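# Descriptive structure summary
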Amino acid sequence: MNRQSLVEQIKKKKSYLCVGLDTDPDKIPAHLKQRPDAVLAFNKAIIDATLDACVSYKINTAFYEAMGPRGWEIMEETVHYIPSTHLKIADAKRGDIGNTSSQYAKAFFEALPFDAITVAPYMGADSVQPFLEYDNKWTIVLGLTSNKGAADFELQKMGEEYLYEKVMKTVASWGNPGNLMFVVGATQAEAFSAIRSWLPDHFFLVPGVGAQGGSLREISEKALNKDAGLLVNASRAIIYASEKEDFAEEARIIASQYQAEMSNYLQ
Ligand SMILES: O=c1ccn([C@@H]2O[C@H](COP(=O)(O)O)[C@@H](O)[C@H]2O)c(=O)[nH]1
């Protein structure tokens, strides 16, 4: 999915919500748990229920890799189930020497039909470049992450700049706002205005609202741009809104609440 189609979807839906499919088999409602296809059935029900409220789904590959070979199949079946109107993100956080990154890119962009993949940039240009070579695919590079450990490296100063700042500015010169996004955590709201000032056009994938407590209002006020420029992810707050048979309906309600709030900020 290219930038124009993504922006059209955001404007049509009045939403920049990305639903995170971090599906943990232990958290699936009891009535589904006994089924052999429990995780897939859960994902399909969540997708059906939230489709109208969001523009993207983020599949965190760790949850599927942890299930063994069947998990990889479930991930494949899930990504095929998501309609082409929605940006499909593999949250895989890959990145390695060039020829290995090429294989990761092939795995997620060719063997699997993802539109985007998250990439860790710390091995440098040759580790990121293979992902950027694909037309109409997105490389989403970790910038300033939402976790506590962001303080260990990303928020260390290198001279006048934070490490994350140097990384994001350097990586920005390897791609363009049509094929490159950055992860910026909602829990780092105080950094958003500065980041937007030096990256006015890029999309940011923003995890950290919902279960991690980040403020949708604050990041929206600081970083929306003319194309929205934000994809805000919520995983647990939506998919585990209820532990009971009404889980999909409750997921729809929470996703719709995010959409309603976003539509106000998009005015
Ligand atoms: O900095 C980051 C980068 C990635 N994530 C991922 O986003 C979701 C957040 O899930 P919630 O349940 O909404 O907290 C999850 O897949 C993380 O691995 C992040 O949180 N922060």
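Each value, and the rule that gives it
Residues numbered from 1 in each chain as written. Predicted model: local features only at pLDDT ≥ 70, side-chain atom pairs only at ≥ 80, totals over all residues. Helix = DSSP H or I, 4+ residues; strand = E, 2+ residues; numbered from the N terminus. Rg over C-alpha atoms; globule rule 2.2 N^0.38 Å. Buried ≥ 20, exposed ≤ 12 C-beta atoms within 10 Å, placed from the backbone. Pairing = 2+ DSSP bridges. Right-handed = clockwise from strand over helix to strand, strands pointing away. Contact = placed C-beta atoms within 7 Å. Near = placed C-beta within 6 Å. Nonpolar A, V, L, I, M, F, W, Y, C, P; charged D, E, K, R; others polar. UniProt positions renumbered as here; feature names shortened; annotations may be inferred. Core = buried A, V, L, I, M, F, W, Y, C linked by C-beta atoms within 7 Å. Arc of directions from axis to C-beta.

Turning our attention to the overall build of the protein chain. Check the secondary structure of the protein chain and you find 12 helices and 10 strands. In terms of C-alpha radius of gyration, the protein chain reaches 18 Å, essentially the compact-globule figure of 18 Å for 267 residues. Each principal axis of the C-alpha atoms in the protein chain carries an extent, and together these give about 55 × 45 × 35 Å. Counting every position in the protein chain, which comprises 267 residues, the buried fraction comes to 47%.

Once that is clear, we can look at the pairing of strand 4 (residues 116–119). Of the two faces of strand 4, both are covered, the one formed by Ala 116 and Thr 118 as well as the one formed by Ile 117 and Val 119. Of the pairings in the sheet, the one linking strand 3 (residues 87–94) to strand 4 comprises 3 bridges and is parallel in character. Each residue of the ladder has a partner; that of Ala 90, found in strand 4, is Ile 117. Read from strand 3 through helix 6 (residues 98–111) to strand 4, the crossover connection turns out right-handed. Judged from the 4 bridges that link them, strand 4 and strand 5 (residues 138–144) form a sheet pairing that is parallel.

It is worth spelling out the environment of Phe 114 at this point. Checked against the element boundaries, Phe 114 lands in the loop between helix 6 and strand 4. Residues Phe 114 and Lys 58, 56 residues apart in the sequence, show an inter-C-alpha distance of 9.7 Å. With residues near it in sequence (within four places) discarded, Phe 114 still touches Val 79, Lys 88, Ile 89, Ala 90, Phe 108 and Phe 109.

Taken together, 19 residues surround the ligand, and among them Thr 145, Ser 146, Pro 207, Ser 235 and Arg 236 come closest. When contributions to the shell around the ligand are tallied by element, the ones reaching two or more residues are strand 10 (230–234) and helix 11 (236–239). Grouping the constituent residues of the shell around the ligand by class yields 5 nonpolar, 11 polar and 3 charged.

UniProt records the feature "domain: Orotidine 5'-phosphate decarboxylase" (unreviewed entry) at residues 16–251, using the numbering of this structure. Spanning residues 16–251, this segment combines 39% helix with 19% strand, and its end C-alpha atoms are found 16 Å apart.

With that settled, consider the nonpolar core. Of all hydrophobic cores here, the largest spans 82 residues; its most connected members are Leu 17, Val 19, Ile 140, Leu 230 and Ala 251. In terms of residue count, helix 12 (residues 247–265) provides more of this core than any other element does, 7 residues in total. Those residues within four positions of Leu 230 in sequence are excluded, and the remaining contacts are Tyr 16, Phe 203, Phe 204, Val 206, Ile 219, Ser 220, Ala 223 and Leu 224.

Given 3.6 residues per turn, any residue in an α-helix points the same way as the ones three and four places further on. Residues of helix 8 (residues 163–172) that are buried: Tyr 164, Glu 165, Val 167, Met 168 and Val 171. When helix 8 is viewed along its axis, its buried side chains cluster within an angular range of 165° and face the same direction. Where the residues of helix 8 are buried, they touch helix 7 (125–132), strand 5, strand 7 (161–162) and strand 8 (180–184).

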